[in-house]
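Notes for the structure review
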Amino acid sequence: MKKFLMAMVLCACAVLPLVAQDAEKKESTKPIWDHGDNVSSISYQNVPILKIYDQKDAYVVLYEKQSLKIGTAVIPKSWAKETPRKLNFRNAQPKIHPYMTLISKDGEFNKVWITINPSRFNSIWGIYPNGEEVQGTDATTLSLEL
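Residues numbered from 1 in each chain as written. Predicted model: local features only at pLDDT ≥ 70, side-chain atom pairs only at ≥ 80, totals over all residues. Heavy atoms only, no water.

Remarks on the overall build of the chain
Filter applied, for reference: Put simply, DSSP marks the helices as runs of H or I at least four residues long and the strands as runs of E at least two long, and each gets a number from the N terminus on. Residue exposure (1.4 Å probe, protein chains only): buried if accessible area is under 20% of the type maximum, exposed if over 50%, otherwise partly exposed. Whether two residues touch is decided by their heavy atoms; if any such pair falls within 4.5 Å, the residues are in contact.
In terms of helices and strands, the chain carries one helix and seven strands. Reading the chain from its N end, one meets helices and strands in the order α-β-β-β-β-β-β-β. Scored against the burial criterion, the 146 residues of the chain give a buried share of 26%. Intrachain contacts of the chain at a sequence separation of at least 6 include 58% that bridge at least 24 residues.

Here's the deal with the layout of surface pockets
Rules: With a 1 Å grid laid over protein atoms only, a set of points is called a cavity when a 1.4 Å probe fits there but cannot get out and a pocket when it is open yet has protein on both sides within 12 Å along at least five of seven lines; lining residues have an atom within 4 Å of a point. Grid points are joined across faces, edges and corners, and a volume is the space filled by probe spheres set on the points. In this count, Pro and Cys sit with the nonpolar residues alongside Ala, Val, Leu, Ile, Met, Phe, Trp and Tyr, while Asp, Glu, Lys and Arg are called charged and the others, Gly among them, polar.
The calculated volume of the largest pocket comes to roughly 160 Å³. In this structure, the largest pocket is lined by Asp54, Gln55, Lys56, Asp57, Tyr128, Pro129, Asn130, Gly131, Glu132, Glu133, Val134 and Thr137. Class assignment of the residues belonging to the lining of the largest pocket gives a composition of three nonpolar, four polar and five charged.

Here we look at the nonpolar core
Rule in force here: Residues belong to one nonpolar core when they are buried, are Ala, Val, Leu, Ile, Met, Phe, Trp, Tyr or Cys, and are joined through side-chain atoms within 4.5 Å.
By size, the foremost hydrophobic cluster in this structure holds 20 residues, and its most contacted members are Ile52, Ile75, Met100, Val112, Ile114 and Leu142. Counting only elements with at least two residues in this core, the list comes to strand S1 (42-54), strand S2 (58-64), strand S3 (70-76), strand S5 (99-105) and strand S6 (108-116). No other element matches the four residues that S6 contributes to this core. Discounting chain neighbours no more than four positions away, the residues touching Leu142 are Ala73, Val74, Ile75, Trp79, Leu102, Phe109 and Val112.

A short note on the pairing of S1
Going by this rule: One requirement defines pairing of two strands: DSSP has to find at least two bridges between them.
As judged from the seven bridges shared by S1 and S5, these two strands associate in the antiparallel manner. In the sheet register, Tyr44 faces S5, and the bridge partner there is Ile103. Bridge count for S1 against S2 is five bridges, and the pairing is antiparallel. Pairing of Tyr53 across the sheet is with Val60, part of S2. In this structure, the hairpin formed by S1 and S2 is closed by a connection of three residues. Bridging between S1 and strand S7 (residues 125-127) involves three bridges; their strand directions are parallel. The residue bridging Asp54 from the neighbouring strand is Ile127, located in S7.

Comments concerning the pattern of salt bridges
Pairing is possible between side chains that carry opposite charge, provided their charged atoms lie close to one another. Filter applied, for reference: One side-chain nitrogen of Lys or Arg within 4 Å of one carboxyl oxygen of Asp or Glu is enough to make a salt bridge.
Evaluated as defined, the whole model comprises three salt bridges. Across the salt bridge formed by Asp54 and Arg120, the nearest N and O atoms sit 2.8 Å from each other. With a gap of 66 residues between them, Asp54 in strand S1 and Arg120 in the loop between S6 and S7 connect regions that are remote in the sequence. Between Glu145 and Lys65 there is a salt bridge, with its nearest N and O atoms 3.5 Å apart. Pair noted here: Glu145 is in the segment after S7 and Lys65 is in the loop between S2 and S3, with a separation of 80 residues, a long-range link.

Digging into a nonpolar patch on the surface
Note the cut-off: Patch construction takes residues with relative accessible area above 30% that form no salt bridge. Like charges are linked within 9 Å, and nonpolar side chains (Val, Leu, Ile, Met, Phe, Trp, Tyr) are linked within 5 Å. With residues, only the protein chains shown are counted as cover, and all accessible areas are computed by Shrake-Rupley using a 1.4 Å probe.
Taken together, Met1, Phe4, Leu5 and Met8 make up a surface patch of nonpolar side chains, about 500 Å² in accessible area. Its place among the elements puts Met1 in the segment before helix H1 (2-28).

These figures capture arrangement, not role.
Right, dumping it as structure tokens:
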């Protein structure tokens with residue numbers, strides 16, 4: 001019986017390196033999701049909106065940064081009339097806080113979605129002070145500082 005057990009242990013020791021080599025070969029091959037055929041060129045950033053000011057030529061959006069500071073983005077109203085649109089508004093569900101989604105394609109700005117309650121009576125909407133000029137109403141791109 002001792003000889004049989006000793007033979008089994010030797011066989012196991014002889015087979016173990018062969019199995020380890022097969023596992024090593026499998027780890028060196030790329031997984032299917034890393035071949036480049038499933039990688040999207042589109043990326044996005046979501047930021048919570050604190051306030052949107054309506055101005056004659058643009059929307060001035062105050063958004064929350066990660067460092068508990070407030071960022072400002074100026075979005076021209078003309079983007080909603082261009083083809084293809086760079087600015088889209090989406091209705092927010094009743095219990096969802098308003099947010100802005102910046103969509104980039106190949107690392108460059110593509111469009112912005114604002115998900116918000118469309119009612120102008122909502123406290124998130126405001127009117128930009130009359131007579132004050134806004135820089136960036138003729139912008140062609142948008143970037144967010146997080």
